[in-house]
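# Coordinate analysis (summary)
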Amino acid sequence: HNNSLRQNVNIPGRYSPHQRIPSEHRVFGGRDLFSLWFSLGVGLMVLQLGALLAPGLGMSGALLAIVSGTAVGVLLLGAVAVIGSDTGLSSMANLKRTLGQRGAIVPALLNLAQLVGWGAFEIIVMRDAASLLATRAFGEHSGLVSPVLWTLVFGALATLLAIAGPLTFVRRILRRWGIWLLLGACLWLTWNLFAKADLAALWARQGDGSLPFALGFDIAIAMPLSWLPLIADYSRYGKAARRVFGGTVLGFFIGNVWLMGLGVAYTLAFADSGEVNALLLALAGAGLGIPLLLILLDETENAFADIHSAAVSVGVLLPVGVECLALAIGVLCTFIAWLAPLAEYQNFLLLIGSVFAPLFGVVLVDHYLLRQRGQSQVAVMALRWDTLLAWGCGVIAYHVLASAWPEIGASLPALLLSGGLLLLLSRLGRATAGTPVSQ
């Protein structure tokens, strides 16, 4: 029986989204999580986001928004990662503890919608980059230029990785060689920028004012925040909370700031129109397109993470295996990518922030202040109205602030308001009952 258990832990998907992973079966160390989150912080979508910030904020303003937004976002991301390490549960199973059995259905469905959208976005941007590289290599009349072909190729690849699961991907692929190829691509793009661009003139470039700094900050923070509903799906395999936090924070911060900054710099230096194809052409011209190709190959793990965690979210609601759900969701993402063009996703990012920033303000207060990390095994209620009310007020506050006072930002105020409101409601409940709060 013990031998069978040891074999099963090495086969991803043996643990359902409902199961708690025992501490002796957790295999991810700090290096594993650094590799994973550095890789997830790097990608074509991240470069594109830098291109989105460049015209309005200029070089220095965009970098300030990127560094500050990412720094705040990764600290929150690391704190939520520790929750997965503390409990050994998936993200959606942890939300059941905070929102209740029925209350967790709402974020599970919202998470499914955002992950399907992200998965389709990832496949679309990989398709466009691969078609561009094929055009440069083989000519525009080659059959390898076909967007349909590359949509199917990358959709199938991401789906297969999602079916294989996080243990196989991180330990057998990413840690062994993927991280080194990715580092080489980033270094090459950085060297090319320093060699060809006028850095003094680039740093002096000012924005045209079309994007307020607070909105740029919210867009930058939305990148790490978009991973909050996924991260426990991976950190529950972590050996120690300290390593989970450190590996996650350092990996994502370095990767996200580096690539988003390159997106800003390449847009202002070589692709001033700010359009996606112009940025891709500039990237394809560096190093015979090899760095772009390596980043393109790395992009598949972003789609893998979206599809795998979407399957885990649905697995909390339906008694179906994660592998089968990953296959179905991968097919759905590929189908959407086949039909949809790559539209600007600024509003999509902000919508994600409006939902998940206040949600995880509630989750963090519940785990660190109300439970004080000590109650890893608790009875799950059907509904927790206090947490649902605090979350809903945070979402409303986000949209009010974003529309009425966009110059002050909305993500952090909404997160702090929802967390503070939950703390207030819990203290009121304790005062009314005359007993200490217990969940």
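This text follows the structure it describes.
Okay, so let's go over this structure. Values in this document were obtained by computation on a predicted structure and should not be read as measured data.

### Re the overall build of the protein
When helices and strands are tallied, the protein shows 17 helices and zero strands. Burial status across the protein gives 56% buried among its 439 residues. Taking the intrachain contacts of the protein between residues at least 6 apart in sequence as the baseline, contacts between residues at least 24 apart amount to 87%. Accessible surface for the protein amounts to roughly 17,500 Å². Of this, 67% is attributable to carbon and sulfur atoms.

### Describing the packing of helix α5 (residues 105-138) against helix α6 (residues 147-164)
Across the interface, α5 lies against α6 with an axial gap of 8 Å and an inter-helix angle of 130°. Comparing the axis directions of α5 and α6 gives the class oblique. Read as a crossing pair, α5 and α6 show a hand that is right-handed. Across from Ile 123, Met 126, Arg 127, Ala 130, Ser 131 and Ala 134 in α5, the residues of α6 making contact are Pro 147, Trp 150, Thr 151, Phe 154 and Gly 155. Per-class residue counts for the contact of α5 with α6 are seven nonpolar, three polar and one charged.

### Let's talk about empty space enclosed by the protein
Sizing a probe to match a water molecule and rolling it over the atoms shows the empty space that remains. Summed over all chains, the structure comprises seven cavities of 30 Å³ or more. Leu 40, Met 45, Val 46, Trp 118, Glu 122, Met 223, Ser 226, Trp 227, Asn 302 and Asp 306 together form the lining of the largest cavity. Within the residue set of the lining of the largest cavity, elements represented by two or more residues are α3 (44-87), α5 and α13 (290-317). Tallied by class, the residues present in the lining of the largest cavity amount to six nonpolar, two polar and two charged.

Thresholds applied
Residues numbered from 1 in each chain as written. Predicted model: local features only at pLDDT ≥ 70, side-chain atom pairs only at ≥ 80, totals over all residues. Heavy atoms only, no water. Helix = DSSP H or I, 4+ residues; strand = E, 2+ residues; numbered from the N terminus. Buried < 20%, exposed > 50% of the residue type's maximum accessible area, 1.4 Å probe, protein only. Contact = heavy atoms within 4.5 Å. Areas by Shrake-Rupley, 256 points an atom, 1.4 Å probe, with all protein chains shown as cover. Axes fitted to C-alpha atoms, helices over the stretch in contact; angles between N-to-C directions. Parallel < 35°, antiparallel > 145°, perpendicular 65-115°, else oblique. Left-handed = near helix turned anticlockwise from the far one by under 90°. Nonpolar A, V, L, I, M, F, W, Y, C, P; charged D, E, K, R; others polar. 1 Å grid on protein atoms, 1.4 Å probe; cavity = no way out; pocket = protein on both sides within 12 Å on 5 of 7 lines; lining within 4 Å. Points joined across faces, edges and corners; volume = space filled by probe spheres on them.

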